[in-house]
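# Chains, contacts and geometry: an overview
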Amino acid sequence: MSRRGRVTVGVLVGVFLLFTLLGWGIDKYTDYLWFAEVDKTQVFTGILLTRLLLFLAIGLAMAVIIAANLYLAYRLRPLLRPHSAEQATLERYRMVIQPRLGTWIAVIGIVIGFFAGLSGQARWKDWMLFRNSVPFGVKDPQFNVDVGFYVFDYPLLRYLLGVAFTAVVLSVIGALAVHYIFGGVRLQGVGDRMTTAARAHLTTLVALFVLLKAVAYILDRRALLLEQHVSPDLYGAGYTDVNALLPAKEILAYISIVVAIAIIVFSNAIMRNLVWPGVSLALLAISAVAIGGVYPLAVQNFQVKPSLADKEAPYISRSIAATRAAFGIEGTQVTPYSADSVVPPTDLASNPSAQNVRVIDPQLVSEAFTQSQQVRGFYDFGPKLDVDRYEIDKKTQDYVVGVREINDQALTTQQQNWLNRHTVFTHGYGLVAAPANESCGGLPVFVSGSLGTAGSQAANCASSSTDQIKVDQPRIYYGEQSTEYAIVGQESATKKTEFDRPQPNDSDAEQRYTYEGKGGVPIGSMFRRLVFAIKNTESNFVLSDAVNKDSKLMYVRDPRSRVEKVAPFLTIDGDPYPAVVDGKIQWILDGYTTAATYPYAQRINLAEETRDELTNQGTFALARDNINYMRNSVKATVDAYDGTVTLYEFDDQDPVLKAWNKAFGGDLIKPKSEIPQALADHFRYPADMFKVQRNLLTRFHVTKPQDFFTGNDFWAVPNTPDGSENSKQPPYYLNVQLPGQDSTRFQITSAVTPSKRENLAALISGSYVDGKPRLEVLELPDETAIPGPAQVHQRMTNNGTVRPELNLLQTNNQATVLFGNLIALPVGKGMLYVEPVYVKSSQQTNAAPLLQKVLMSYGDGGKYVVLANSLEEGLAALVDQGKKQGPTTTTPGNTGTTTPPTTGGTALTPQLAEAATALDKAIAEVKAAQQAGDFARYGTALQALDTAMTNFENASKAANGTVTPSTAPTTPASTPASTPPSAPAPSASTGG
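Thresholds applied
Residues numbered from 1 in each chain as written. Predicted model: local features only at pLDDT ≥ 70, side-chain atom pairs only at ≥ 80, totals over all residues. Heavy atoms only, no water. Patch = residues over 30% accessible without salt bridge, like charges linked within 9 Å, V, L, I, M, F, W, Y side chains within 5 Å. Areas by Shrake-Rupley, 256 points an atom, 1.4 Å probe, with all protein chains shown as cover. Salt bridge = Lys/Arg side-chain N within 4 Å of Asp/Glu carboxyl O. Lys, Arg positive; Asp, Glu negative; His and termini not counted. Charge placed at Lys NZ, Arg CZ, Asp CG, Glu CD. Helix = DSSP H or I, 4+ residues; strand = E, 2+ residues; numbered from the N terminus. Buried < 20%, exposed > 50% of the residue type's maximum accessible area, 1.4 Å probe, protein only. Pairing = 2+ DSSP bridges. Core = buried A, V, L, I, M, F, W, Y, C linked by side-chain atoms within 4.5 Å. Contact = heavy atoms within 4.5 Å. Axes fitted to C-alpha atoms, helices over the stretch in contact; angles between N-to-C directions. Parallel < 35°, antiparallel > 145°, perpendicular 65-115°, else oblique. Left-handed = near helix turned anticlockwise from the far one by under 90°. Nonpolar A, V, L, I, M, F, W, Y, C, P; charged D, E, K, R; others polar. Phe/Tyr/Trp six-rings, centres within 6.5 Å; stacked < 30°, edge-to-face > 60°. Lys NZ or Arg CZ within 6 Å of the ring centre and 35° of its normal.

## Focus on a negative patch on the surface
A contiguous patch of negative charge, built from Asp707, Asp713, Asp782 and Glu783, is present on the exposed surface. Relative to the elements of secondary structure, aspartate 782 occurs in the loop between β25 (772-779) and α23 (789-797). Aspartate 782 gets classed as exposed once you look at its relative accessible area, which sits at 60%.

## Structural notes on the sheet that holds strand β9 (residues 486-488)
The sheet built from three strands is open, its strands ordered β9-β13-β12 with antiparallel pairing. Of all the strands in the sheet, just β9 and β12 (521-522) have a single pairing partner and so form its edges. Here three bridges tie β9 to strand β13 (residues 552-554), and the two strands are oriented antiparallel to one another. Looking at the pairing, valine 488 lines up with lysine 552 of β13.

## What to know about a nonpolar patch on the surface
On the surface, a nonpolar cluster with roughly 580 Å² of combined accessible area is contributed by Leu208, Leu211, Tyr254, Ile257, Ile261, Ile264 and Val265. Looking at the nonpolar patch, the elements that each hand over two or more residues are α7 (196-223) and α8 (239-270). The leading source of residues in the nonpolar patch is α8, at five residues. Exposure remark for isoleucine 257: the relative accessible area of 36% places this residue in the partly exposed category.

## Quick word on the nonpolar core
Counting 135 residues, the largest nonpolar core has Phe541, Phe569 and Leu647 as the members making the most contacts within it. Here the element with the most residues in this core is helix α6 (residues 147-181); it accounts for nine residues. Filtering out sequence-adjacent residues up to four positions away, phenylalanine 569 remains in contact with Lys125, Tyr592, Leu657, Trp660, Phe664, Leu668 and Ile669. With 65 residues, the next largest nonpolar core counts Val343, Phe369, Val736 and Ala751 among its residues.

## Let's talk about the packing of helix α5 (residues 124-131) against α6
At their nearest, the axes of α5 and α6 sit 8 Å apart, and the two run at 130° to each other. Regarding the angle of α5 to α6, the classification is oblique. You can see that α5 and α6 cross each other, and the crossing is left-handed. Along the contact surface, α5 presents Asp126, Trp127, Leu129 and Phe130, while α6 presents Phe152, Asp153, Pro155 and Leu156. Among the residues making up the contact of α5 with α6, the classes are represented as six nonpolar, no polar and two charged.

## Points about the sheet that holds strand β4 (residues 395-403)
Overall, antiparallel pairing links the three strands, which are arranged β3-β4-β7 in an open sheet. The sheet terminates laterally at β3 (386-392) and β7 (431-435), the two strands that pair on one side only. Each neighbouring strand pair of the sheet contributes to a mean axis angle of 45°, computed without reference to strand direction. Relative to β7, β4 is paired through five bridges, and the arrangement is antiparallel. For valine 400, the partnering residue across the bridge sits in β7 and is alanine 434.

## Section: the packing of helix α1 (residues 3-37) against helix α15 (residues 526-535)
Where α1 meets α15, the axes come as close as 10 Å, and the angle between the chain directions of the two elements is 120°. Taken together, the axes of α1 and α15 lie oblique to each other. The two elements α1 and α15 meet at a crossing, and its hand is left-handed. In this structure, α1 contributes Ile26, Asp27, Tyr29, Thr30 and Leu33 to the contact, and α15 contributes Phe527, Arg528, Val531, Phe532, Ile534 and Lys535. Grouping the amino acids of the contact of α1 with α15 by side-chain chemistry returns seven nonpolar, one polar and three charged.

## Side note on the pairing of strand β24 (residues 762-769)
Among the eight residues of β24, eight are classified as buried, and the element is accordingly described as predominantly covered. Alternating residues of β24 divide into Ala762, Ile764, Gly766 and Tyr768 and Leu763, Ser765, Ser767 and Val769, and every residue in both groups is buried. As paired strands, strand β23 (residues 745-754) and β24 are joined by five bridges and run antiparallel to one another. Each residue of the ladder has a partner; that of isoleucine 748, found in β24, is glycine 766. Relative to β25, β24 runs antiparallel, the two being bridged by eight bridges. What sits directly across from serine 765, in β25, is glutamate 776.

## What to know about the packing of aromatic side chains
The tally for this structure, following the rule as stated, stands at 41 aromatic pairs. Between tyrosine 32 and phenylalanine 44 the ring centres are 5.6 Å apart and the planes differ by 65°, which places this aromatic pair in the edge-to-face class. With tyrosine 32 in helix α1 and phenylalanine 44 in helix α2 (residues 41-75), this pair connects stretches of sequence that are twelve residues apart. On the basis of relative accessibility, which here comes to 35%, the residue tyrosine 32 falls in the partly exposed class. A ring pair is formed by phenylalanine 708 and phenylalanine 714, whose centres lie 5.1 Å apart and whose planes are at 70°; its orientation type is edge-to-face. As far as the burial class goes, phenylalanine 708 and phenylalanine 714 line up, both buried. Linked through ring pairs, Trp418, Tyr485, Phe532, Phe541 and Tyr555 together constitute an aromatic cluster. For lysine 213, the ring lying beneath its charged end belongs to tyrosine 217, and the centroid distance is 5.1 Å.

Remember, this is a structural readout, not a statement about activity or role.
Encoded structure:
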């Protein structure tokens, strides 16, 4: 290459490095400014220094090892090389390499060290946990070693072993190449193919590799406690692992040490050739196959499989105990619940828990919030609202809440310019709340947060004219929809440019505001303005008058990202929620500490276990991390006005959290004792944690090894009631008192069904008692036939009385019927199901769904069904149905069928008997049409069924209380396998 070419290449490389380093430096500088804003610079410096040190340590170690072996191979070259065609060819390479040998070795070492350093710096979490490890106080059942070794030490040791293997392998390859180029290793010619020095060098490296293999066998013994059983789909060492594979690994470790010694001795001191070292390596490979593979396989097939359940029983017990401990479900309280009452109790309408059932669906009602409370078209409440509880007028109940934020995508074209997006439309305004069990005209009853004309509109619907939830600072500068950076602050207090809110009672006028909080990074200096102009590729930072000496820049504004940045070692729950705490709007987030190396614990994929119908519909999907330990160890808050991030210790016994807090100076996370009571009053059992625990409890509620092995008592999380495949029913929050509880609690609840069946098996709930999490299970008897969510939804929507009303709500396909959260509530020794029914107009663009009816069922889900205008009306109607029907007796060992009472053997009237016969024929025709798949016939059959049902009801009334025959009440409500074609499409939203 010419001198000009070398200069050109050097300049290009220099420019590339300059811009790369400049970009990296600007990113780190702006990160530091952000951490200084939230007063968490110890996190920034701690992580940065740790990554730099690991980069240098691993990179330098790798570079030195590779370079030393290359140089040693050169120094051990033979001074005299035999003449051959091979050596003549290699002479050209030697002439290129030898004059600049040091440069070649340095470049190779630096390149390899650079990539090794990149790999090493990514292990900063493993290193910080290793350095700051604390004991778990729990020992594994096999080696009697503290679990802290597996969680804190094992990951780093395994990584360092991999680095050592890589260094030795690359050294062997590099040394072999140098020996070959400089004549130490020959492929042609007479005499030895390898010099004594080259043989000693290469065999020493090979022996070192074998010694590392011995270390790997020792670590593999511990790894057996982390791997999957052959059966029954559990983790940890099983019978074959403990009795065959563990001894095999130990024997192979000793054999590896012997082989390593044999390689060095036989190749350099006794035989001085590679025959016996080769034989030693072959014997090691054969031993690994025979001892580590064939022998365990024989034990598994001939000893374990014939009596698998008995052999694996102790190890199944270990896995069950470890899993329950690792995920915090070992203290789950299981309470039998007979649910044997199938008649609505007379006090159902006055039952406090029944009255508190939520009928406002947080997902479906979001559009109603937005349209009723937005005032301006760019306001938005997000796709899903949240559920919290507040005490108003000395009454605590749950509320559906949302914050009014600015949706940047909803700004008009004129409003989309840089000044408007970043200096005018900077914040939202107000927290809007509505009781979860009330509605008016299909809309929520708002009790706080109304603005302008929205307030008067809400007043027509009995909403509160004054805020019942007091907020001293309602402005939302940090929220879930705050995706853009904002520039706030003005030189003059009279020059207010930020849009604040419309003037009360005047939708055209507006108020302006200037930010007065401590949030944001000051960017008044020209240097900082230039830095952020480069980072955001935006010249207005330097040129615009909107940026002045008092300006502040707000970035990384959404609460979840802020907490993830402050605590990158935490997994953040996918559903942050706002709460009013001491007059301020605070975002509350749950942080989880996780690990993947808890011995014997079940390993799960976090994304798969937490995915359900609402994932990515107002909630965030969690990362696809494989873990086997999880704790809700941190409660975090983000102030919606100034962005302050606060981390509170919630699980004060979690060793992983203690290690992380220690790693960052010991004061990153505030002690649990410093949690304000006003904040603790709004803590709720986190949804993602509950999903993981619920899914595990479907199997690990079984604690007896034999029962677990058979799997007969396993449960399953039901799909959404509309029958969507691969869409699990989300859990829901309620403020109720479940059987066995001494008071009303705000808790998250979910129904589960028996595996591969759809009837109800249990209700799982999570709540806080005295500031500590508590999981409870209400388990129904095995012989129960109480329907599960999918079954009861079908039975209710296909009920002969309900179905015509649902069809009527569609008003000739001008509206769509949507079903809200289907809630199962154990009350009155029976099971109450409540499902709100929303109607959304098809004639209006972006029409909000309105709550029109409440669909309710009690008992077996088919006999007592009402479609009422409100929750109170529905409860009263169920009670009336129960009174008219009379007491119902349950047959012993029943399968869910009930025997209607008699009235002294009164005979059926001819009209009633004729109507019952016609009804049976109509039911049979519906079933036949459904099975045939004939939609036209099915629609005709449904119309005939409606007529027959009406005639039967009229005949029953005319009979003046005469009992109906046992065949008459049988409707097709319990038979269809899918929703009838004529029924409204049940787009169910079942979570929240």
